[in-house]
Amino acid sequence: GNSVTQMEGPVTLSEEAFLTINCTYTATGYPSLFWYVQYPGEGLQLLLKATKADDKGSNKGFEATYRKETTSFHLEKGSVQVSDSAVYFCALKVIQGAQKLVFGQGTRLTINP
Amino acid sequence: DTAVSQTPKYLVTQMGNDKSIKCEQNLGHDTMYWYKQDSKKFLKIMFSYNNKELIINETVPNRFSPKSPDKAHLNLHINSLELGDSAVYFCASSQEQGTYEQYFGPGTRLTVT
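The sections below set out a description of the structure shown in this document. (Residues numbered from 1 in each chain as written. Chains lettered and ligands numbered in written order. Predicted model: local features only at pLDDT ≥ 70, side-chain atom pairs only at ≥ 80, totals over all residues. Heavy atoms only, no water.)

1. A short note on the overall build of chain B
Line of reasoning, step 1. Secondary structure summary: chain B contains zero helices and 11 strands in total.
Line of reasoning, step 2. Starting at the N terminus, the α and β elements of chain B follow one another as β-β-β-β-β-β-β-β-β-β-β.
Line of reasoning, step 3. A globule of 113 residues ought to have a C-alpha radius of gyration of about 13 Å, and chain B, at 13 Å, matches this closely.
Line of reasoning, step 4. On the principal axes, the C-alpha backbone points of chain B span a range of 35 × 30 × 25 Å.
Line of reasoning, step 5. For chain B, the residues scored as buried account for 45% of the 113 residues in total.
Line of reasoning, step 6. Accessible surface for chain B amounts to roughly 5,600 Å². Of this, 47% is attributable to carbon and sulfur atoms.
Line of reasoning, step 7. Put simply, chain B has 12 plus and 12 minus side-chain charges, and the middle of one group is 8 Å from the middle of the other. (Helix = DSSP H or I, 4+ residues; strand = E, 2+ residues; numbered from the N terminus. Rg over C-alpha atoms; globule rule 2.2 N^0.38 Å. Buried < 20%, exposed > 50% of the residue type's maximum accessible area, 1.4 Å probe, protein only. Areas by Shrake-Rupley, 256 points an atom, 1.4 Å probe, with all protein chains shown as cover. Lys, Arg positive; Asp, Glu negative; His and termini not counted. Charge placed at Lys NZ, Arg CZ, Asp CG, Glu CD.)

2. Observations regarding the state of the cysteines
Line of reasoning, step 1. For the structure shown, the criterion picks out two disulfides over all chains.
Line of reasoning, step 2. The residue that forms a disulfide with Cys23 of chain A is Cys90 of chain A, at a sulfur-sulfur distance of 1.9 Å. Where Cys23 of chain A bonds to Cys90 of chain A through sulfur, the torsion about that S-S bond is close to -70°, and the disulfide is left-handed. A residue pair is termed long-range when its members are at least 10 positions apart, and Cys23 of chain A in strand 4 (residues 23-26) and Cys90 of chain A in strand 10 (residues 86-94) qualify at 67 residues.
Line of reasoning, step 3. Taking the relative accessible area as the measure of exposure, Cys23 of chain A reaches 1% and is therefore buried.
Line of reasoning, step 4. You can call Cys90 of chain A buried: its relative accessible area is 0%.
Line of reasoning, step 5. Paired through a disulfide, Cys23 of chain B and Cys91 of chain B show a sulfur-sulfur distance of 1.9 Å. Measuring handedness by torsion sign, the sulfur bridge of Cys23 of chain B and Cys91 of chain B sits at about -75° and is left-handed. You can see Cys23 of chain B sitting in strand 3 (residues 19-25) and its partner Cys91 of chain B sitting in strand 9 (residues 87-94), a full 68 residues away along the chain. Both residues of the pair, Cys23 of chain B and Cys91 of chain B, belong to the buried class. (Disulfide = S-S within 2.5 Å.)

3. As for the environment of Glu82 of chain B
Line of reasoning, step 1. Among the structural elements, Glu82 of chain B can be located in the loop between strand 8 (73-78) and strand 9.
Line of reasoning, step 2. Not counting chain neighbours up to four residues away, the residues in contact with Glu82 of chain B comprise Arg63 and Val112 of chain B. (Contact = heavy atoms within 4.5 Å.)

The following block contains the structure:
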């Protein structure tokens, strides 16, 4: 089946640290991949996306590269800020039948000043 | 203006009761969704409507019944509530079925006692 696995949280870092949140997927065919972010008390927002192998999605200093050979889409940021504290969800879009998003379990990130 | 709104934000009720959650989007989108996020932050799709027509119906107990009176509204009615129904329920919408970006509402936290 189609599934997404993210690294277990919570993750706690100091401001200006380097961030990596791992995401791997299992899917039939070639899905599109996404990172969504959920700030406290809010709904999810699309952070970035990639639609084919070797594509790099980027937004707000975050990046993720679609790696078909390792079925991965790891999220990275070079220097995190306190305002990046949130829950991050990796997701894939299943391109079969009625299209839908399949989410990973979410990774809670806390950045300390 | 809120793009996707849900009411109520919090809902506390007893087992066996029937309750509804309402969702409205003012983005002019054709497709709306209901997701359930459990206590471990797992987010799973429940239903999707496209132009008032049900297109995704995951393995959800038939106590859950979505209703779309028009394409801007998708309500979720739950009969005979159980403890396991406690979760955060998110409504979302997108321009059309399968379009990348889904816009999420702020969520409704349902607690069944």
